[in-house]
Amino acid sequence: MNQIATTPAPSKANSEPQSGPLPFISLRAWIQIALAVRLIKALTILVIENDTMRYVRQAEAFATWTREGWSRGLAEDYHPLFAFLMAIAQPVFGNFNTAGVAINLALGSLVIVPVYKLTELVYGARVASYAAMFVAFTPLMVKMSAEATSDASHLFFFLCALYFLVKGQSRDRARYLVLSGACAGIAYLSRPDVLALVLSALVALAFNLGVTKPLGFPRRLKLLVAFGLSFLIVSSPYAAYLAPEGYFISRKFPVLAYAGLVTIAPTEVPTELPEGVVYPYDPNSIDAKFSDAPPIDSPGVALGSLMVLNSMFIACLYFAMVFAILAVPLTLMFPGNIAQRAPFLRIALTLFVVSFSMFLAVLLKKGYVAERHTLVLVSALLPLAGCGLCALNNYLSTMFGVSRSGAGFKIMLVLAVSIVLLAKQAGFERADKIELIRAGEAVRDDAAALSEGEENAREFRALSSQSCSRVPFYGDLSLYSMELPRHVEDGPRDFVFANMEYYECRYLILDMDAHSAEFASRLEQDAQGAFKLVYETKETDRRYFNIRVYRLDLRVEQPTGP
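A short tour of the structure in this document, coming up. (Residues numbered from 1 in each chain as written. Predicted model: local features only at pLDDT ≥ 70, side-chain atom pairs only at ≥ 80, totals over all residues. Heavy atoms only, no water.)

Let's talk about the overall build of the protein
Within the protein one finds 25 helices and five strands. When burial is assessed residue by residue, the protein has 55% of its 562 residues classed as buried. If you take every contact in the protein between residues at least 6 apart in sequence, the share linking residues at least 24 apart comes to 75%. With the model as given, the accessible surface of the protein reaches about 24,400 Å², and the carbon-plus-sulfur share is 62%. (Helix = DSSP H or I, 4+ residues; strand = E, 2+ residues; numbered from the N terminus. Buried < 20%, exposed > 50% of the residue type's maximum accessible area, 1.4 Å probe, protein only. Contact = heavy atoms within 4.5 Å. Areas by Shrake-Rupley, 256 points an atom, 1.4 Å probe, with all protein chains shown as cover.)

Structure, rendered in C-alpha cells:
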C-alpha cells in the first residue's frame, strides 16, 4: 500500500516565514482593498480596450439566444466564456462593457483567494498575507481586472486550478485533482493560456513532482485520470466544436500553428455574398495572421527578432522581475525552506518553463507580445514573492532592532511596497485616445436627431476603420458590421459602397492617419452628394487620432462605384 504523501511541517530553525498570520490584514480585508483599488482604476480608464469591442460583439451575438447568434459568437477568435458571462450580466448592468467590467472587478479581486490559500498551504498564513498584497496592488493585475477583457476570469480559474493541483498532490487526494481539472477546463473556455498549466500538471503527476514521498504507479495513474478526465469533460465541448474546422485547441492559440504542427483548414463562409462584400465575422481571419508572421530564416529577420527581445520582451518581463527580485532574499537567507518546499518549487519551475517557452514562441514568430501574456508566466512566482518580502521584513527588522511580530514595522513595509506598485498605475489610462469618445458622441447626437425626423427609424450601423472601431460603441450605434482594411484605397472604392449597402451601414468612420485625404475626397466625389460630413477632428484638438465621420443620406441616389 502506498503511503500518503504529505508536506511535513517546517522545522523550528527554518520556520520564520511561516510564523503566525499578519494580525492587521486578513484575507477578507485584502479582498476589499483589492476591489477598491480596481474600482478606482476602472474609473480612470477613459477609453475602452480595443479587444473589448471583440468581446462586446461576441457577447451581443450570444445575447440573441438564437442558434444563428451562437454560431456567430463561436466563430470569433476569442474563447466564449467571458463573452457568455457578459451576455448574462448585460440586462443587470445596462450595456455589455459595464457588465464585463463588473465581472472582472469581482473575479479580479477574488484572485486573492487562490493565491492566499496556495501560499498558506506551502509557506504559511504570514507569507500568504504578503503574497495577497501583490495581487491587490500589482499594476498589471489591477489593470486587467478593471476593464472588459478575459484576463481576470482566466487568471482566477487558472490559479484555482494551480491551488487544487498542489493541494491534491501534497495530500494525495483525487477529489482535489478533479477540482483542479475542472477549474483548468473553465479557464480554457476563457483563454487558451491555461494549457501551460495542463501540460505542467500532467508532467508533475506523471513524475511525482508535487509530492514529498514518491507515489507508486497506481496512485499516480489515479491522480492523472482524475485531473485529465475532469479537464476533458469541461473543455471538450468547445474543443469538439473547433475540431471539424481544423483549428485544434483554439483559434487564438498560435504556437502549434507557428511550429508547423497544425494546419488551419479553410472554413466556408456560411453565406453567399455579393462580389466585393466581406463576411464580417471572418472565420479565416486567423489564417491571415499566420501568413503575416515573418519567418525567421534570414540574418536580418533574426537580428530584428533580437531587437524585439531587447524591447518588448524586457518591457513585459518587468512584471515577472518584480516577483523574481523579491524572491531572492528567500534563497539567500532561508535555504532550508527551499529544500523543504521542493515539491511546490518543482511544479512552479515546470509551469514557468512551459509558459516561458510558449511566450518565446509567440514573440519570435509574431514579433510582438502583450503584457497580459506575462500573467501566466509569473503566476507560480506569487508565493515566492510573498516569501521573499517576508524574509526582507525579517532582515530589516533584525537590522533596525524591531520586533518581527510588531505590526507597525510591517505596516510601513506594506505601505512602501504598495506605494511603489501603485505609482506605476497613477494617472488616467488612454487619455491620448479621447478623440474616439468625441467622435462617438458626435455620431450619437447626429443619429438621435436623424431618428426623430424619420419614420420607422432603423438600427444605425457603421463601417469603420480598424483603429476607429470604438467610435460606434461610444456612438450607441448597432455594432459595426465590419472593419475597413487599412489600405483599402489601394483597391476599388466601390468596395466601401458595396459593403455599406449590403450591411445597411448608415455611417462611414475613417482614420485619416490610415487612409489618405485624397482617398476620402474621391469617396465624396463618387458618393455624388450622398455623404454628409458629420464630424472631423480639429487640428487644434488632435492628440492621437484624426477622424472623419460621414453619414449616408438615403434621399440621394446611391452610388454604383467608380
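With respect to the nonpolar core
Counting residues in hydrophobic clusters, the biggest one holds 112 residues, and the most contacted among them are Trp30, Leu162 and Tyr188. Considering each element in turn, this core owes the most residues, twelve residues, to helix α9 (residues 151-171). Ranked by size, the runner-up nonpolar core spans 24 residues in total, among them Ala447, Phe473, Ile509 and Tyr535. (Core = buried A, V, L, I, M, F, W, Y, C linked by side-chain atoms within 4.5 Å.)

Comments concerning the environment of Ala448
Checked against the element boundaries, Ala448 lands in helix α22 (residues 435-452). On the accessibility criterion, Ala448 (36% relative accessible area) is partly exposed. With 27 residues separating them along the chain, Ala448 and Gly475 place their C-alpha atoms 9.8 Å apart.

Side note on helix α20 (residues 382-400)
Between its terminal C-alpha atoms α20 stretches 27 Å, which fits the 27 Å expected from 19 residues at 1.5 Å a residue. A positive backbone phi angle near 70 degrees is found at Gly401, which sits one or two residues after α20. (Expected span 1.5 Å × (residues − 1).)

As for the pairing of strand β5 (residues 547-552)
The buried count for β5 comes to six of six residues, which makes it a mostly enclosed element. Residues Ile547, Val549 and Arg551 line one face of β5 and the alternating positions Arg548, Tyr550 and Leu552 line the opposite face, and both faces are buried. Bridge analysis of strand β3 (residues 505-511) against β5 gives five bridges, and the strand direction is antiparallel. By the bridge assignment, Tyr507 is partnered in β5 with Arg551. (Pairing = 2+ DSSP bridges.)

Details of the pattern of salt bridges
One pass over the structure, following the stated rule, counts 15 salt bridges. In this structure, Asp172 engages Arg219 in a salt bridge whose closest nitrogen and oxygen atoms are separated by 2.8 Å. Residue Asp172 is found in the loop between α9 and α10 (174-188), and its partner Arg219 is found in helix α12 (residues 217-242); the two are separated by 47 residues along the sequence. Each member of the pair, Asp172 as well as Arg219, carries the same accessibility label: buried. Close ionic contact of Glu524 with Arg548 constitutes a salt bridge, the shortest N to O distance being 3.7 Å. In this pair, Glu524 is assigned in helix α25 (residues 517-526) and Arg548 in strand β5, connecting sequence segments 24 residues apart. Judged by relative accessible area, which is 36%, Glu524 ranks as partly exposed. By relative accessible area, Arg548 is classed as buried at 15%. Three or more residues are tied together by salt bridges with common partners; here these are Arg54, Arg57, Glu76 and Asp77. (Salt bridge = Lys/Arg side-chain N within 4 Å of Asp/Glu carboxyl O.)

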